[in-house]
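# Topology and contacts: notes
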Amino acid sequence: MGSTKPVAMAAVHALVVGAAVAVATPWALVVPVLVSLLTGPLGGAAVAGVPAFGILWLLDAAFRNGLPGSGLRAALPAGVLAFSAFVVCSAQLQLFRDPEAAVPSDLSVALWTGGLSAAAVIVTHVLFDRDPVAARAEPGIVDLAHPTTRSPVTTTDGTEPAAAASEADSAEHAEAARLAEPAAPAPERFDHVVVGGGVMGAATARALARAGDGGGASVLLVEQFGRGHDHGSSHGASRIFRRGYTADDWVALTGDAITAWQALEAETGRTLLDFTGALDHGDPVALDEIQAALERGGVVHERLTPDEAGARWPGLRFDTSVLFHPQAGRVRSADAVEALLDSASAAGAELRFDTAVAAIETMGDDVVLRLEGAGGASSTVVSTSVVLAVGSWARYLAGDLVRRAGASLPEVRVTQEEPAHFATELPDDAWPSFVHHPTDPALRARVSTIYGLLTPGEGVKVGTHGTGREVHPDARLTSPGAEGQAVLRDYVAAWVPGVDVDTLAPISCLYDTTPTEDPVLDRIGSVTVATGFSGHGFKFGAVFGELLAGVATGTPAPERFRLRQG
Ligand SMILES: Cc1cc2nc3c(=O)[nH]c(=O)nc-3n(C[C@H](O)[C@H](O)[C@H](O)COP(=O)(O)OP(=O)(O)OC[C@H]3O[C@@H](n4cnc5c(N)ncnc54)[C@H](O)[C@@H]3O)c2cc1C
């Protein structure tokens, strides 16, 4: 050993560490490269850096996986690999300082590192019934190239294009999996599986279950949290419904949305839309654009001065110019989600709450999903059509699948938005929904638009559009942002005289915002993706459900809502 040159040792050790760490996570390939570059004068930095990376990866896995216990499951192999890397690098550093130092041989280090990693795999599997290869994949995505992660599904036809797996490989893997786990129950098969029980998932499950002549398709909806939970984007009693867009197709969609919500009202006997009217006020240029689109779309509207508007709606103070359209107001969001779920259920869809998709993979036309229930019970379902209506979670569940199939999701910024309710003494009919496009440069520098509406029984909701703090959807901030609250208070004190500014009751909700504020509603292979509703999607829930059901069954997505190719 002592006769080996330190540089050669560095290369061998870097290879061993590289192979070990690469088993832990693909993007960690960078680390061994750095280790081999830095050995020598900067070996100390590498020695400190590699174990630190192991810990970082562990934390990353814990946060991004978002599944109870998943961080712990990932911890064991991560810890072993980090520790192995530490010992290997220490030995190399010793050799660099003193070529005659007594350190373990290459072979023993390789065997030792490999043995510990294998032990970690076995212990993790035995302890948690979850192999670390799945734990290290992009959260929720099982590595297609790794046969051990495949579930015992024998129904595979054709090749998996993105993984470039040959037909023979698929058959071999399926056979190996079948032989390895002969006692596993056969997976359930559905015509469609919808992931996500927010407004988009509920609406899509309903539309799929009702599609065709009297429905008949088997549809499963799975939602990781309970019915009506408040961890995503669709909770709370009210959302603005307005037709004030600048593009013709969006204005037309608001009309389709009214038709779709009213059909659901008729079916379920619930009131879902309240036509209180909607106001835009402030920047005349912004208002002109909206007015022109309303005109082109044949939507009734009127333009008012601030004084005229103030006399009609005394709860608000008005900026520069005012545009009102009466065929707008609010959608009763919590009731709407319930109505969609009830209707989906009535049409035969099966709804499973507290059930998370822990892993997902494509095998030919099939998509195989591993589900984890509340008590840790796991099961497998298979479908040739999976709709991922997972909003802010899309990057984690759909990103890799879409990439492998040759397309990509847009950049989706996930933010924790914190509007608030304020008490009012004014009657309910004094409150239209409103959007302020401020002209005051000081206010514009803080917020681009401010919106508001009455939530009956709770007060007037006021919020700044898309100004929240960026978060991981599984790691929400527990206390409201002080700065955001100060902005809201100042705003309400100046512009919403009809409420009591001291009664601020904060709300918290996720925005999934794309650069254009256009969502994705598109299909690639057997997977349909719905995400990026950018804080204005709820009003379209019922109609987007129908659109997604169409896309999932073969209708091309409208150009505006397509995935990026490549
Ligand atoms: C503060 C705020 C105000 C808004 N105001 C308006 C408004 O006035 N008008 C308007 O039209 N829109 C508004 N919106 C936007 C609208 O509410 C959203 O666009 C809409 O609710 C998005 O619904 P979704 O179903 O896509 O997402 P979500 O409701 O977040 O649903 C996604 C679901 O997927 C589930 N999921 C994720 N991963 C998994 C997994 N692995 N397994 C199982 N389930 C999983 C999640 O738990 C979640 O329930 C507002 C949004 C916010 C936050």
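Let us look at the structure shown here. Predicted, not measured: the structure shown is a model, and the values here were computed from it. Every chain is numbered independently, its residues counted from 1 as its sequence is written. Only residues with pLDDT of at least 70 are given local features in this predicted model, and only at 80 or more are side-chain atom pairs given and counted; all residues enter the totals for whole chains, interfaces and linings.

Secondary structure elements follow DSSP: runs of H or I no shorter than four residues count as helices, runs of E no shorter than two count as strands, and numbering proceeds from the N terminus. Summing up its helical and strand segments, the protein has 17 helices and 26 strands in all. For the exposure call, what matters is how many other C-beta atoms sit within 10 Å of a residue's own: 20 or more marks it buried, 12 or fewer exposed, and in between partly exposed, using C-beta atoms placed from the backbone. Evaluated residue by residue, the protein yields a buried proportion of 49% over its 566 residues. Throughout, a residue-residue contact means that the two C-beta atoms, derived from backbone geometry, are no farther apart than 7 Å. For the protein, the share of sequence-separated contacts (at least 6 apart) that also reach a separation of at least 24 residues comes to 73%.

If you look at the biggest cluster of nonpolar residues, it comprises 118 residues, and the most contacted ones within it are Val-195, Leu-340, Ala-344, Leu-388, Ala-398, Val-529 and Leu-548. Beyond its immediate sequence surroundings of up to four residues, Val-195 is in contact with Gly-201, Val-222, Val-357, Val-386, Val-387, Leu-388, Ala-389, Val-390 and Leu-397. As used throughout, a nonpolar core is a set of buried Ala, Val, Leu, Ile, Met, Phe, Trp, Tyr and Cys residues joined through C-beta atoms within 7 Å of each other.

Any two strands between which DSSP finds at least two bridges are classified as paired. The strand order E4-E9-E5 describes an open sheet built from three strands, whose pairing is antiparallel. Either end of the sheet is taken by a strand with one partner, and the two such strands are strand E4 (239-241) and strand E5 (273-274). Two strands pair when backbone bridges link them, and E5 and strand E9 (residues 329-331) are joined in this way by two bridges, in the antiparallel orientation. If you follow Leu-273 over to E9, its bridge partner there is Val-331.

Here we come to the site of the ligand. Put plainly, near means the residue's C-beta atom, positioned from the backbone, lies within 6 Å of the molecule or strand in question. Around the ligand there are 38 residues in total, and Gly-198, Gly-232, Gly-391, Cys-509 and Gly-537 lie nearest to it. Elements that contribute at least two residues to the shell around the ligand include exactly helix H8 (199-210), E4, strand E11 (355-363) and strand E23 (509-513).

Moving on, we come to the sheet that holds strand E22 (residues 505-506). Strand order in the open sheet made by the eight strands is E7-E8-E6-E18-E19-E20-E17-E22, with mixed pairing throughout. Looking at which strands have only one partner, the edges of the open sheet turn out to be strand E7 (302-304) and E22. Judged from the two bridges that link them, strand E17 (residues 420-422) and E22 form a sheet pairing that is antiparallel. Bridged to Ala-420 within E22 is Pro-506.

Multiplying 1.5 Å by the helix residue count minus one yields the expected span of that helix. Between its terminal C-alpha atoms helix H10 (residues 284-296) stretches 18 Å, which fits the 18 Å expected from 13 residues at 1.5 Å a residue. Buried within H10 are the following residues: Ala-286, Leu-287, Ile-290, Gln-291, Ala-293 and Leu-294. Down the axis of H10, the smallest arc covering the buried residues is 165°, so these residues share one side. Opposite the buried face of H10, by more than 90 degrees, sit the exposed residues Val-285, Ala-292, Glu-295 and Arg-296. Its buried side turned inward, H10 meets helix H9 (248-268), strand E6 (278-282), E7, strand E8 (322-325) and strand E18 (433-437). Of the residues flanking the end of H10, it is Gly-298, one or two places downstream, whose phi is positive at about 70°. Here the arc refers to the directions that run from the helix axis out to each C-beta atom.

The first and last C-alpha atoms of helix H12 (residues 333-346) sit 20 Å apart over 14 residues, in line with the 20 Å expected at 1.5 Å per residue. Taken together, the buried positions of H12 are occupied by Ser-333, Ala-336, Val-337, Ala-339, Leu-340, Leu-341, Ser-343 and Ala-344. Just beyond H12, the residue with positive phi is Gly-348, at close to 105°.

With burial as the criterion, each face of strand E2 (residues 192-195) is covered, one bearing His-192 and Val-194 and the other bearing Val-193 and Val-195. Looking at chain direction, E2 and strand E3 (residues 219-222) are connected through four bridges and run parallel. Bridge pairing in E3 links Val-193 to Leu-220. Relative to strand E14 (residues 386-388), E2 runs parallel, the two sharing three bridges. Across the sheet, Val-194 pairs through a bridge with Val-387, a residue of E14.

The phi angle at Thr-320 is positive, at roughly 55°, despite the residue not being glycine. When you line up the elements, Thr-320 lands in the loop between helix H11 (306-312) and E8. For Glu-517, which is not glycine, the phi torsion reads 65° and is therefore positive.

Let's shift gears to the environment of Ala-252. If you trace the backbone, Ala-252 turns up in helix H9. Considered as a pair, Ala-252 and Ala-293 are 41 residues apart in the sequence and their alpha carbons are 9.7 Å apart.

On to the environment of Ala-260, then. Tracing the sequence through the fold places Ala-260 in helix H9. Sequence-distant contacts of Ala-260, defined by excluding residues within four places in its chain, comprise Ala-542, Val-543 and Glu-546.

Let us now look at the pairing of strand E20 (residues 459-464). Burial runs high along E20: five of the six residues are buried. Sheet topology note: the E17/E20 ladder contains three bridges and is antiparallel. The residue of E20 that forms the bridge with Phe-422 is Val-460. When strand E19 (residues 450-455) meets E20, the two strands line up antiparallel, connected through six bridges. Residue pairing across strands places Thr-455 opposite Gly-459, the latter belonging to E20.

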